[in-house]
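Now for the letters of each chain:
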Amino acid sequence: MTTKHPEHRGGCLCGAVRFVASGEPIGSNHCHCGMCRKDSGSGVSTFVAFPTNAVTWDGKPREYESSPGKYRGFCPKCGSSITWRKDDDDSFIDFRLGSFDDPSRFKAQKHLWMSTALPSFAGIDPEIEHFD
């Protein structure tokens, strides 16, 4: 008997970039850093991480180096922000929660960069861990 792993589908706003992340996520977080705020246009960014080898693409995001060794992926057609990854660790890739077709399937496990959190967003999910 084979066990079917869940498939989590998503993509950009225009549909030019689509992905399937198979299995369970390896982590999820709310990031409060200023770079994620600028990239998302929001007060906090939520990410869901999957092993890189569990992801398949239909169309690929373009990337830019937002800080040394850190890359953000976006749709080359509509500009939707989709991913974040580290150059020195290709074992996982973070997806923006809003890029999933069904984001309700995920819950953040921790807050990152709380020292830079905006007061109006610092209180979301108070029961999960907080880190700087």
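Notes on the structure in this doc start here. Note that the structure is predicted; figures quoted are calculated from it, not measured.

Attention now goes to the packing of aromatic side chains. Counting across every chain of the model gives 10 aromatic pairs. Between phenylalanine 19 and phenylalanine 100 the ring centres are 5.2 Å apart and the planes differ by 90 degrees, which places this aromatic pair in the edge-to-face class. Pair noted here: phenylalanine 19 is in strand E2 (residues 18-22) and phenylalanine 100 is in the loop between strand E9 (89-96) and strand E10 (110-112), with a separation of 81 residues, a long-range link. Assessed through its relative accessible area of 3%, phenylalanine 100 is described here as buried. Grouped by ring-pair contacts, the aromatic residues Phe19, Phe50, Trp57, Phe95, Phe100 and Phe106 constitute a single cluster.

Relative to the assigned elements, histidine 111 resides in strand E10. Owing to a relative accessible area of 0%, histidine 111 belongs among the buried residues under this scheme. Separated by 3.2 Å, the side chain of histidine 111 and the backbone oxygen of aspartate 125 make a polar contact. Filtering out sequence-adjacent residues up to four positions away, histidine 111 remains in contact with His30, His32, Ile124, Asp125, Ile128, Glu129, His130 and Phe131.

Before going further, it helps to examine the sheet that holds strand E11 (residues 129-130). The mixed open sheet is built from eight strands, whose spatial order is E6-E7-E8-E9-E4-E3-E10-E11. Two strands close off the open sheet at either side, each with one partner strand: strand E6 (62-67) and E11. Bridge analysis of E6 against strand E7 (residues 70-74) gives five bridges, and the strand direction is antiparallel. Considered in E7, the bridge of serine 67 is made with lysine 70.

Cut-offs used in this document
Starting afresh in each chain, residues are numbered from 1 along the sequence in its written order. Totals for whole chains, interfaces and linings use every residue, but because this is a predicted model, local features are given only for residues with pLDDT of at least 70 and side-chain atom pairs only at 80 or more, for both listing and counting. Values reported for side chains reflect all heavy atoms of the structure, with hydrogen atoms and water molecules removed beforehand. Ring pairs are drawn from Phe, Tyr and Trp, using the six-membered ring of Trp, whenever the two centres fall within 6.5 Å, and their geometry is named by plane angle: stacked under 30 degrees, edge-to-face over 60, tilted for the rest. Secondary structure follows DSSP: runs of H or I at least 4 residues long count as helices, runs of E at least 2 residues long count as strands, and numbering of each begins at the N terminus. Accessibility here uses a 1.4 Å probe with only protein chains present; expressed as a share of the type maximum, an area under 20% marks a residue as buried, one over 50% as exposed, and anything in between as partly exposed. Any N or O atom pair separated by 3.5 Å or less is treated as a polar contact, with the protein-specific requirement of one donor-capable and one acceptor-capable atom, and with residues adjacent in sequence counted only for side-chain atom pairs. Every residue pair with non-hydrogen atoms within 4.5 Å of one another is taken to be in contact. Strands are treated as partners if at least two bridges between them are detected by DSSP.

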